[in-house]
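# Structure assessment
Chain by chain, the residues run as shown.
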Amino acid sequence: MNRLDLHLHTNRSDGSFTPTQVLELAHEAGVTALAITDHDIMMGIPEATLVGQQLGIEVIPGIEISSNFGDSELHMLGYFLDWQDVRLNERLSTLRESRHRRNPQIIERLQSLGIDITYDEVRALAGTDSVGRPHIARVLMEKHVVASAKEAFDRFFANGKPAYVPRDLPSPAEAIQWIKAAKGLAVLAHPTWVKTTEGTLTDLVRQLKADGLNGVEVHYSTHTARQTREYLTLAKQVGLLVTGGSDFHGLTKPDIEVGIGRGTLHIPYSLLHKLKDAAAQL
Ligand SMILES: [Zn+2]
Ligand SMILES: [Zn+2]
């Protein structure tokens, strides 16, 4: 059986495995087409493409851009984009700089809570230019301050918690425009995490479609069967493409596996053809 997985992170952002290792895991899982969607960085794509050619796996260039949405974030996936697009790479580099400014502030707050942690430790563990809160969480885990990344977010990083520091992010419409300007398809990631404060999710998705959105990530590791059906209906109603992915991060999210999520994820291979047709028309 050919498997598909359109949402994967490598150690170029906050995943724990190299692009080569992620491709090897995908190969073992029977995945024959995938997208690398690192946060705010596209530097894992060339290595993944090369290894994909050796293993017979189709690698679709991807990205996941965080955008500002009220008190929370909304994640926008991009597919089939030109990963060498100069303007998009400049925009992403500015986003990463804003993380670099925020990370030391988070560390200071943790230190003021009496936690023994330095930014040097976090950067050494990350070993990449795209350093974020998941890396800080991993250092906290190594120091046994928390047992999981989720606990680090719930106790320290989330809005209203003692180490919360806001970040300069584009609006959802801007994130869509950035992806489209690099000839990509823009897809709303994991709708289960979208916290709508006004109106329904359908209202929001209609607005995003007016802003240029192409699709919704219907199939996702933590979506229940009921949510999957709901989001499928939503995509049909609004007239959007359907995508799916595991959001594999390796050791950062140890319960999620490439291609199958928590074991029950099934992403229909047929949706790839529709995505390709839409990408060809861009
Ligand atoms: Zn995300
Ligand atoms: Zn992700």
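The following refers to the structure shown.

### Focus: the coordination of the zinc ion (ligand 1)
Any two of four tetrahedral donors ideally make an angle of 109.5 degrees at the metal, while pairs among six octahedral donors ideally make 90 or 180 degrees. Taken together, Glu64 (OE), His75 (ND1) and His190 (NE2) make up the full set of protein donors to the zinc ion (ligand 1), lying 2.1 Å away. Every donor residue of the zinc ion (ligand 1) comes from the same chain, spaced as E-x10-H-x114-H. A separation of 3.5 Å is found between the zinc ion (ligand 1) and the zinc ion (ligand 2), both of which receive a donor from glutamate 64. Within this pair, whereas histidine 75 is found in strand S4 (residues 72-79), its partner histidine 190 is found in the loop between strand S5 (185-188) and helix H8 (201-210), the two being separated by 115 residues in sequence. Judged on exposure class, the residue histidine 75 and its partner histidine 190 are both buried.

### Focus: helix H7 (residues 172-181)
Within H7, the full set of buried residues consists of Pro172, Ala173, Ala175, Ile176, Trp178 and Ile179. Buried residues along H7 sit in contact with strand S3 (58-69), S4, helix H3 (86-112), S5 and H8. Within two residues after H7, lysine 183 carries a phi angle of roughly 65°, on the positive side.

### Observations concerning the coordination of the zinc ion (ligand 2)
Taken together, the protein ligands of the zinc ion (ligand 2) are His7 (NE2), His9 (NE2), Glu64 (OE) and Asp247 (OD), with distances of 2.1 to 2.2 Å. Given 4 donor atoms and angles of 80 to 172° at the metal, the environment of the zinc ion (ligand 2) is assigned as irregular. Donor residues binding the zinc ion (ligand 2) come from one chain and are separated in sequence as H-x1-H-x54-E-x182-D. Taking relative accessible area as the criterion, histidine 9 reaches 0% and is therefore assigned buried.

Rules of the game
- Residues numbered from 1 in each chain as written.
- Chains lettered and ligands numbered in written order.
- Predicted model: local features only at pLDDT ≥ 70, side-chain atom pairs only at ≥ 80, totals over all residues.
- Heavy atoms only, no water.
- Donors = N, O, S within 2.8 Å, 3.2 Å for Na, K, Ca; no water.
- Helix = DSSP H or I, 4+ residues; strand = E, 2+ residues; numbered from the N terminus.
- Buried < 20%, exposed > 50% of the residue type's maximum accessible area, 1.4 Å probe, protein only.
- Contact = heavy atoms within 4.5 Å.
- Tetrahedral: all angles 85-135°; square planar, octahedral: opposite > 155°, others 65-115°.

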